[in-house]
Amino acid sequence: MQQKELTEQESLKLITEMIGKTQSHFHESGASTILWGTVISFCALVSFAQSFWNFSIGFDIWILTLVAVAPQIWIGIKEGRSRVVKTYQDSHIDTIWTVYVISIFAMLVYANIVSYTSVKLLAGDGLEIFSKNISTGEVKPYRIFPPSFSSVMMVLYAFPTLATGLITKYKPLIAGAFICYTCFVVSLFTSFTYDMLLSAIATICCWLIPGLMLRNKYLKQKKEKDV
Amino acid sequence: MFKDLDPILHSQLRLAVISLLIGVKEAEFTFLKEKTNATAGNLSVQIQKLKDAGYIDVIKKFKDNYPQTICKITTKGIKAFEEYVKNLQSYLGKNK
């Protein structure tokens, strides 16, 4: 491009062309989406298998989600370095996912603390909750836990996915989010075992599959650029 | 009565840079160079002119031991661009 004076028509054409160039710039590699789609669905499937076939692997498989934070930080730094432009859209999406991470963390804290707090508060009022086995008549203290907690988590998985899908107009994310909401509704009527299976289906549909599609698109675009 | 078009913006490369920056939060020099197909030397000169006019902010950093130049449009730059487009529309309307 040369440095020259423009006619009014040329100016308008140039502005339209340049704005179009920023809108068509695509850099989402899909790495984070694939990572979390794989980790959460794997953990959920292992939980389902343990509950369905009644065995234990000896440790809490969900610890993998903490381990996955390390590669996520590495992906974040790497992508941040290779990013040559930051759009307002990128900025909004980053904000949505930051709020999502804070919310997930808050929900995990909630699930782990609220059980003990409830027991203590009830004890303070001189109350204790028991469960009774109607076949054997056995009565034992009932451990209060947020009911169908994985259903609530599915709503949380769907929220940033749908927001990102609508902002970017990326249909696989929108479709994934709706499948996730459907799994949430179904999970309201199922036991923990099947909630885990539904969580796996939800995360595969809302993260893993769109992530793989994004990756494919990204690699294709990169290849075209390198040629 | 038509106002004169802003001479800072009414030139091909500077207008291209501002048009790119208006749609993004920030952009690296390499991105601007790729999208405008300008030479590094010419682009540097025009970026400096936009910076001197207060239309853009230029942040110089180091990334992996290489210098990195990040450009951002300023509030003054946004206003100037909006005014430029408004005047441009007046001219085009007049010539219809």
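Every value quoted in this text rests on a predicted model; they were computed, and no experiment measured them. (Residues numbered from 1 in each chain as written. Chains lettered and ligands numbered in written order. Predicted model: local features only at pLDDT ≥ 70, side-chain atom pairs only at ≥ 80, totals over all residues. Heavy atoms only, no water.)

### What about the interface of chain A and chain B?
Many structure descriptions define interface size as the accessible area lost when the parts assemble.
Reasoning step 1: The interface is formed by 28 residues belonging to chain A together with 34 residues belonging to chain B.
Reasoning step 2: Along the contact surface separating chain A from chain B lie 0 salt bridges.
Reasoning step 3: Counting across the chain A and chain B interface gives 6 residue pairs in polar contact (both at pLDDT 80 or more).
Reasoning step 4: Residues of the side of chain A that touches chain B, tallied by class, amount to 10 nonpolar, 10 polar and 8 charged.
Reasoning step 5: As paired elements, strand β1 (residues 85-87) of chain A and strand β1 (residues 24-28) of chain B share 3 bridges and run antiparallel to each other. Paired with A:Lys86 across the bridge in β1(B) is B:Glu26. (Contact = heavy atoms within 4.5 Å. Salt bridge = Lys/Arg side-chain N within 4 Å of Asp/Glu carboxyl O. Polar contact = N/O pair within 3.5 Å; in protein donor to acceptor, adjacent residues only side chain to side chain. Nonpolar A, V, L, I, M, F, W, Y, C, P; charged D, E, K, R; others polar. Pairing = 2+ DSSP bridges. Helix = DSSP H or I, 4+ residues; strand = E, 2+ residues; numbered from the N terminus.)

### Re the confidence of the model for chain A
Reasoning step 1: Mean pLDDT over chain A stands at 90; residues scoring 70 or higher make up 96%.
Reasoning step 2: When pLDDT is averaged over each element of chain A, helix α7 (residues 171-187) of chain A comes out on top at 97 and helix α1 (residues 8-23) of chain A at the bottom at 86. (pLDDT = per-residue confidence, 0-100.)

### Points about the packing of helix α6 (residues 149-168) of chain A against α7(A)
Residue and element names in this part refer to chain A.
Reasoning step 1: At their nearest, the axes of α6 and α7 sit 8 Å apart, and the two run at 160° to each other. Compared by their axis directions, α6 and α7 come out roughly antiparallel. The element α6 and its partner α7 pack so that their crossing is left-handed. Where α6 abuts α7, its residues Ser151, Met154, Val155, Tyr157, Ala158, Phe159, Thr161, Leu162, Thr164, Gly165 and Leu166 lie against Leu173, Ile174, Ala177, Phe178, Cys180, Tyr181, Cys183, Phe184 and Ser187.
Reasoning step 2: Looking at the contact of α6 with α7, its residues break down into 15 nonpolar, 5 polar and no charged. (Axes fitted to C-alpha atoms, helices over the stretch in contact; angles between N-to-C directions. Parallel < 35°, antiparallel > 145°, perpendicular 65-115°, else oblique. Left-handed = near helix turned anticlockwise from the far one by under 90°.)

### Some details on the nonpolar core
Reasoning step 1: Grouped together as the largest cluster of nonpolar side chains are 35 residues, with contacts concentrated most on B:Leu9, B:Leu15, B:Ile18, B:Leu21, B:Leu32 and B:Leu43.
Reasoning step 2: Contributing elements (two or more residues each) for this core: α1 of chain A together with α1 (12-22), β1, α2 (29-36), α3 (40-52), β3 (66-73) and α4 (75-94) of chain B.
Reasoning step 3: Discounting residues that sit within four places of it in the chain, B:Leu21 has contacts with B:Ala27, B:Leu32, B:Ile56, B:Cys71, B:Lys72 and B:Ile73.
Reasoning step 4: Formed by 17 residues, the second largest nonpolar core is a distinct cluster that contains A:Ile104, A:Phe149, A:Met153 and A:Trp207. (Core = buried A, V, L, I, M, F, W, Y, C linked by side-chain atoms within 4.5 Å. Buried < 20%, exposed > 50% of the residue type's maximum accessible area, 1.4 Å probe, protein only.)

### Looking at unusual backbone geometry
Residues and elements named next belong to chain A.
Reasoning step 1: Positive phi, close to 45°, is recorded for serine 148, a residue that is not glycine.
Reasoning step 2: Along the chain, serine 148 turns up in the loop between β3 (139-141) and α6.
Reasoning step 3: Exposure remark for serine 148: the relative accessible area of 27% places this residue in the partly exposed category.
Reasoning step 4: For lysine 169, which is not a glycine, the phi torsion comes out positive at approximately 60°.
Reasoning step 5: As for its placement among the helices and strands, lysine 169 is situated in the loop between α6 and α7.

### So, the pattern of salt bridges
Reasoning step 1: Under the criterion given, the structure shown has 5 salt bridges over all chains.
Reasoning step 2: One salt bridge connects A:Asp94 with A:Lys86, and the closest N-O pair in it is separated by 3.7 Å.
Reasoning step 3: The exposure class assigned to A:Asp94 is partly exposed, which follows from its relative accessible area of 30%.
Reasoning step 4: Judged by its relative accessible area of 23%, A:Lys86 is partly exposed.
Reasoning step 5: Of the charged contacts in the structure, one is a salt bridge between B:Glu34 and B:Lys35, with a shortest N-O distance of 3.8 Å.
Reasoning step 6: Classification of B:Glu34 by relative accessible area gives partly exposed; the value is 37%.
Reasoning step 7: The network of salt bridges with common partners includes A:Arg83, A:Lys86 and A:Asp94.

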